[in-house]
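Notes for the structure review
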Amino acid sequence: MNIIYVIEDYSENGGVERIVSEKANTLSTQYKNRVTLISVYSDNRPQHYKLEDGVDLIHLDIPFAKKTNNPLPKLLSRINTMVMAIVRLNKVIRGLNPDIIFFATTLGAILLPFCLTKARKIYESHLARNFNPFNKLFILTELKAERVICLTSGDAKQFKYAKKVEIIPNYINDVRSYTDYYGVRKAIAVGRLELQKGFDILIDCWKDISSQYPDWTLDIYGDGSCRETLQRQITSLHLEDKVKLCGRCNNIMDVYPHYSLHLMTSRYEGLPMTLIEAQACGLPSVVFDFQYGASDIVTNNHNGLIIEQGNTRLFTEAVIRMMSSESLRKAYGKNAIETGRRYYKENIFNKWLHIINEYDNKKNDR
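A brief structural summary. Just so you know, these numbers come straight off a predicted model, no measurement behind them.

**Comments concerning the sheet that holds strand β9 (residues 217–221)**
In space, the 6 strands of this open sheet follow the order β10-β9-β8-β11-β12-β13, with parallel pairing throughout. Single-partner strands in this sheet number two, and they are β10 (243–247) and β13 (304–307). Direction aside, neighbouring strands of the sheet carry axes that sit 20° apart on average. With 5 bridges connecting them, strand β8 (residues 186–190) and β9 associate as parallel partners. In the strand pairing of β9, V190 is matched with Y221.

**A short note on the sheet that holds strand β4 (residues 100–104)**
Strand order in the open sheet formed by 7 strands is β3-β2-β1-β4-β5-β6-β7, and the pairing between neighbours is parallel. Edge positions in the sheet fall to β3 (55–62) and β7 (165–167), since each of these pairs with one other strand and no more. Taken pair by pair, the neighbouring strands of this sheet meet at an average axis angle of 20°, ignoring direction. Along the sheet face, helix α1 (residues 15–29) touches β1 (2–7), β2 (34–41), β3, β4 and β5 (120–125) and points at about 170° away from the line of β1. Contacts between helix α2 (residues 71–96) and the sheet are confined to β1, β2, β3 and β4, with β3 contributing the most and set at about 150° to the helix.

**What about α2?**
Residue pairs spaced three or four apart in an α-helix point in one direction, given the helix's 3.6 residues per turn. Its 26 residues give α2 an end-to-end C-alpha distance of 37 Å, which sits within 8% of 38 Å, the value for a rise of 1.5 Å per residue. Taken as a whole, α2 has its buried residues at S77, T81, M82, A85, I86, L89, N90, V92, I93 and L96. Turning to α2, the residues buried within the fold contact β1, β2, β3, β4 and α3 (105–111). In the stretch just after α2, N97 is the one whose phi turns positive, near 50°.

So, how was this worked out
- Residues numbered from 1 in each chain as written.
- Predicted model: local features only at pLDDT ≥ 70, side-chain atom pairs only at ≥ 80, totals over all residues.
- Heavy atoms only, no water.
- Pairing = 2+ DSSP bridges.
- Helix = DSSP H or I, 4+ residues; strand = E, 2+ residues; numbered from the N terminus.
- Axes fitted to C-alpha atoms, helices over the stretch in contact; angles between N-to-C directions.
- Contact = heavy atoms within 4.5 Å.
- Expected span 1.5 Å × (residues − 1).
- Buried < 20%, exposed > 50% of the residue type's maximum accessible area, 1.4 Å probe, protein only.

Encoded structure:
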């Protein structure tokens, strides 16, 4: 099959770019499909995710829309960017003559209805629609897409006019090591240091947690625009010896086993991959019941504790409860490993192959 992936910017160092590159590499090298990745925006930053030799990368080199507080120039710049992207994308697609096009990211969703091709057009929803600022434009995407693929059941419910909606979560790679000692008094939180991830909420909670368990420490892995703000918050609460911003870690799956508790206070998520990874490594989790994905992964009093969104008092009490019992952390941690296995690549990738094979069979029947 001749397959195309369309994303906004392959130079971004994010989860979408990682998972798209891995799927493209697997479909090309292991299943012998012709795969092309089209990156829309012009960006000279180095690429973080390697593509195998059989995967072609095409840059449309569309300039970013101008950033301005003046609404009219901003609108005109966005329209100009969209028109340029539509024209160049259609030209490239005509030359490639694909069988299937997967549109990922917000820009992909907006471009999909204007892509003039006989290829099957599938939208991958990596950012939950409710939290996408351009979600009102997605009605055209729903009507024109052959399928919409969502990461969670909650997001799938938002696509009411789509021809077909399916749920395929992202996958994790094989786990090399697991937590085997739950007596260590260290908790971990992982994610981009952005408002969405709610680390400011977690740090506030830790002030009360630390007063009862002063020998416990919290390490936060990740980087982002809120780093300085969060560090000032830590300092103002006199938590410098209790909470550490550890920066980005490229081998985080090897880090989880050195902790005995995982915490997550996100305001919202598409699918919380860090939660899945922590579970797969054997960490029990205390999480807010954020939209979307928390309740898909954490079963209360089984592999962790799930707390009403935004209820910091209950969250603090839940963390303290987990800290008070090594045996509880161990029991939930062992259950967490089984939860994580559901998201192994071997259990998820076949769902993508089923879709591709379905269209391949229809193509051969023509």
